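The chain contents come next:
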Amino acid sequence: MKRSILIFAGLLIVSLFSLNVYASNIAFVNLGKAIQTCKAGLDAKSYIQRMANVKKAVIDKKANAAKEIYKQIKSGKLNAKDKKSKEELYQIKLKDLERYRSDAVAEIQTKEKDLTSNIIEGLVQTVKIIAKKRNLDAVFETNQGVIYWNNAKDITKDVVTAYDKEYAKSKK
């Protein structure tokens, strides 16, 4: 086991030195930061927030309706038949509320995932274009295990600027 680890470490070191010889023009990009700061990312965040607010308003309305029925049940003013009917209605309203809440969360998560995936795809294409223009040998994503980078080679801002231009064109 130790021998396998030592062999792997040796191969890794040799690979890193080889990378240094062949890939001397390296840059990095922080796609997470790019998503949060590009116009498409900000638009997506705003859209998701509006969507969540609409869903929350419906949830609040359903919760208030259920609370009103609960108050009627607890008021002591209902006869046995009406109380039973209200209790059944209350259970239906609670199930409806929970189902709606669960569906709303799933819908928001799916939409957020779809929007983020589309933005990442666009950002990656933009990275490739910038890398070719700058004759970069490699571009690393900072959250994927890069241990050291020279901030002078950070192309995140350039990627956001170029992507925003393409995004603006696509909105027209």
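Everything in this summary refers to the structure shown in the same document. (Residues numbered from 1 in each chain as written. Predicted model: local features only at pLDDT ≥ 70, side-chain atom pairs only at ≥ 80, totals over all residues. Heavy atoms only, no water.)

1. Quick notes on the packing of aromatic side chains
Any two aromatic rings considered together are summarised by their centre-to-centre distance and by the angle between their planes. Rule in force here: Side-chain rings of Phe, Tyr and Trp (the six-membered ring for Trp) are treated as a pair once their centres are within 6.5 Å; stacked means planes under 30 degrees apart, edge-to-face means over 60, and tilted covers the remaining angles. Here a strand is any run of E in DSSP of at least two residues, a helix any run of H or I of at least four, and the numbering for each starts at the N terminus. With a 1.4 Å probe rolled over the protein chains alone, any residue whose accessible area is under 20% of its type maximum counts as buried; one over 50% counts as exposed, and the rest are partly exposed. A positively charged side chain is recorded as over a ring if its NZ (Lys) or CZ (Arg) lies within 6 Å of the ring centre. The angle to the ring normal must also be within 35 degrees.
Enumeration according to the criterion identifies two aromatic pairs in this entry. A ring pair is formed by Tyr70 and Tyr90, whose centres lie 5.4 Å apart and whose planes are at 40°; its orientation type is tilted. Here Tyr70, found in helix α3 (residues 39-74), pairs with Tyr90, found in helix α4 (residues 80-133); they are 20 residues apart in sequence, far enough to count as distant. Residue classification places Tyr70 among the partly exposed positions, given a relative accessible area of 39%. Aromatic pair Tyr163 and Tyr167: ring centres 6.5 Å apart, planes at 20°, arrangement stacked. Of this pair, Tyr163 and Tyr167 both sit in helix α5 (residues 156-171), four residues apart, roughly one helical turn. With relative accessibility at 10%, the residue Tyr163 sits in the buried group. For Lys62, the ring lying beneath its charged end belongs to Tyr100, and the centroid distance is 5.5 Å.

2. Thoughts on the packing of α4 against α5
Counted only if it meets this: All axes here are fitted lines through C-alpha atoms, helices being fitted over the stretch that makes contact, and every angle between N-to-C directions spans 0 to 180 degrees. Orientation categories follow fixed angle ranges, with anything under 35 degrees roughly parallel, anything over 145 roughly antiparallel, 65 to 115 roughly perpendicular, and all other angles oblique. Two helices that cross are described as forming a left-handed crossing if the nearer one is turned anticlockwise from the farther one by less than a right angle, and a right-handed crossing if clockwise. Every residue pair with non-hydrogen atoms within 4.5 Å of one another is taken to be in contact. Note on residue categories: nonpolar means Ala, Val, Leu, Ile, Met, Phe, Trp, Tyr, Cys or Pro, charged means Asp, Glu, Lys or Arg, and polar means any other residue, Gly included.
Two numbers describe how α4 lies on α5: the axes approach to 9 Å, and their chain directions differ by 110°. Here α5 runs roughly perpendicular to α4, going by the angle between their axes. For the pair α4 and α5, the crossing hand works out as right-handed. For the pair α4 and α5, contact is made by Asn118, Ile119, Gly122, Leu123, Thr126, Val127 and Ile130 and by Asp158, Val159, Ala162 and Tyr163, respectively. A breakdown of the residues in the contact of α4 with α5 according to their chemical character gives seven nonpolar, three polar and one charged.

3. Some details on the pattern of salt bridges
How we decide: The term salt bridge refers to a pairing of a side-chain nitrogen on Lys or Arg with a carboxyl oxygen on Asp or Glu at a separation within 4 Å.
Under the definition given, this model contains nine salt bridges. Put simply, Glu68 and Lys71 hold a salt bridge, and the shortest N to O gap is 3.6 Å. Linking Glu68 with Lys71, this pair stays in helix α3, spanning three residues, or about one helical turn. Its relative accessible area of 53% is what places Lys71 among the exposed residues. Asp158 is the partner of Arg134 in a salt bridge, and the nearest nitrogen-oxygen pair spans 2.2 Å.

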